[in-house]
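Listed below are the residues making up each chain.
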Amino acid sequence: MSVFRRGRGSPGRVTVQEAAGRTGHGHGGASGGVRGAAAVLLDVREPYEWQAGHAPHAVHLPLSALVAGAGLPGHAQSRPLVVICRSGNRSRQAAALLTSRGAEAVDVIGGMKDWAGAGLPVVDSHGRNGSVA
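In this report, the structure presented in the accompanying data block is examined. (Residues numbered from 1 in each chain as written. Predicted model: local features only at pLDDT ≥ 70, side-chain atom pairs only at ≥ 80, totals over all residues. Heavy atoms only, no water.)

Along the protein, the regular secondary structure elements total 5 helices and 6 strands. For the protein, the α and β elements follow one another from N to C terminus as β-β-α-β-α-β-α-β-α-β-α. For the protein, the proportion of its 133 residues judged to be buried stands at 44%. The long-range share in the protein, meaning contacts at least 24 apart out of those at least 6 apart in sequence, stands at 58%. (Helix = DSSP H or I, 4+ residues; strand = E, 2+ residues; numbered from the N terminus. Buried < 20%, exposed > 50% of the residue type's maximum accessible area, 1.4 Å probe, protein only. Contact = heavy atoms within 4.5 Å.)

Shown next, in the form of structure tokens:
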């Protein structure tokens, strides 16, 4: 069972293991997240960070674009969002912004650094083994 860590008036927070389970990247999902998974993994890092390494099947939408008013891609709309960045700072901001816009969003504690550290899959923009920039 997933545990939300919620501050007063702020979106929930999940560990990388909880994030992986919600997005289909958990044990038994070694091929990466599945599009039919309950939640969408939304990566809000900058393009150079995304290109160096991201979770397979994650959706990329930089925080700067969200702040500027960009909307979610169609397949991510009306679905729970698990928001990730490098360390957890930008994802907290993005999750708060998305929640204020009516989305169901949580952020990932420790971000992609903890994701990779937990041995979860990271690919580069060509689908090869990636790294966290």
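What follows covers helix H4 (residues 89–100). Taking 1.5 Å per residue as the helical rise, H4 with its 12 residues ought to reach 16 Å, and the 17 Å between its terminal C-alpha atoms agrees with that figure. Listed as buried for H4 are Ser91, Ala94, Ala95 and Leu98. Down the axis of H4, the buried side of the element spans an arc of 100°, and every buried residue falls inside it. Along H4, the residues that are exposed and aim more than 90 degrees away from the buried face are Asn89 and Ser100. At its buried positions, H4 is contacted by strand E3 (40–43), helix H3 (63–67), strand E5 (81–84) and strand E6 (105–108). (Expected span 1.5 Å × (residues − 1). Arc of directions from axis to C-beta.)

Next up on the list: the environment of Val132. Of note, Val132 is situated in the segment after helix H5 (111–117). You can call Val132 partly exposed: its relative accessible area is 25%. Taking the C-alpha atoms as reference, Val132 lies 6.9 Å from Glu49; in sequence the two are 83 residues apart. Every residue in contact with Val132, bar those within four places of it in the chain, is listed here: Arg45, Arg86, Met112, Lys113 and Ala116.

What follows covers the environment of Arg101. In this structure, Arg101 sits in the loop between H4 and E6. Among residues more than four places away in sequence, those in contact with Arg101 are Leu66, Val67, Gly69 and Ala70. A polar atom in the side chain of Arg101 sits 2.7 Å from the backbone oxygen of Leu66. (Polar contact = N/O pair within 3.5 Å; in protein donor to acceptor, adjacent residues only side chain to side chain.)

Within the largest apolar cluster, 17 residues are counted, with the highest numbers of intra-cluster contacts made by Val14, Ala19, Leu41, Val82, Ile84, Val108 and Trp115. Secondary-structure elements contributing two or more residues to this core are helix H1 (16–23), E5, E6 and H5. With 16 residues, the next largest nonpolar core counts Val44, Val59, Leu72 and Ala76 among its residues. (Core = buried A, V, L, I, M, F, W, Y, C linked by side-chain atoms within 4.5 Å.)

A separate point is the pattern of salt bridges. Throughout the structure, instances matching the rule amount to 4 salt bridges. The salt bridge partner of Asp107 is Arg13, with a shortest N-O separation of 3.1 Å. On the criterion of sequence distance, the pair formed by Asp107 in strand E6 and Arg13 in strand E2 (residues 12–14) is long-range, its members being 94 residues apart. Residue class for Asp107 comes out buried when judged on its relative accessible area of 2%. Residue Arg13 is classed as buried on the basis of its relative accessible area of 18%. (Salt bridge = Lys/Arg side-chain N within 4 Å of Asp/Glu carboxyl O.)

Moving on, we get to the pairing of E3. Because side chains alternate across E3, one face comprises the buried residues Val40 and Leu42, and the other comprises Leu41 and Asp43, equally buried. Of the pairings in the sheet, the one linking E3 to E5 comprises 4 bridges and is parallel in character. Counterpart to Val40 in the pairing with E5 is Leu81. Judged from the 2 bridges that link them, E3 and strand E4 (residues 59–60) form a sheet pairing that is parallel. Across the sheet, Leu42 pairs through a bridge with Val59, a residue of E4. Taken together, E3, helix H2 (residues 47–52) and E4 form a β-α-β motif whose crossover is right-handed. (Pairing = 2+ DSSP bridges. Right-handed = clockwise from strand over helix to strand, strands pointing away.)

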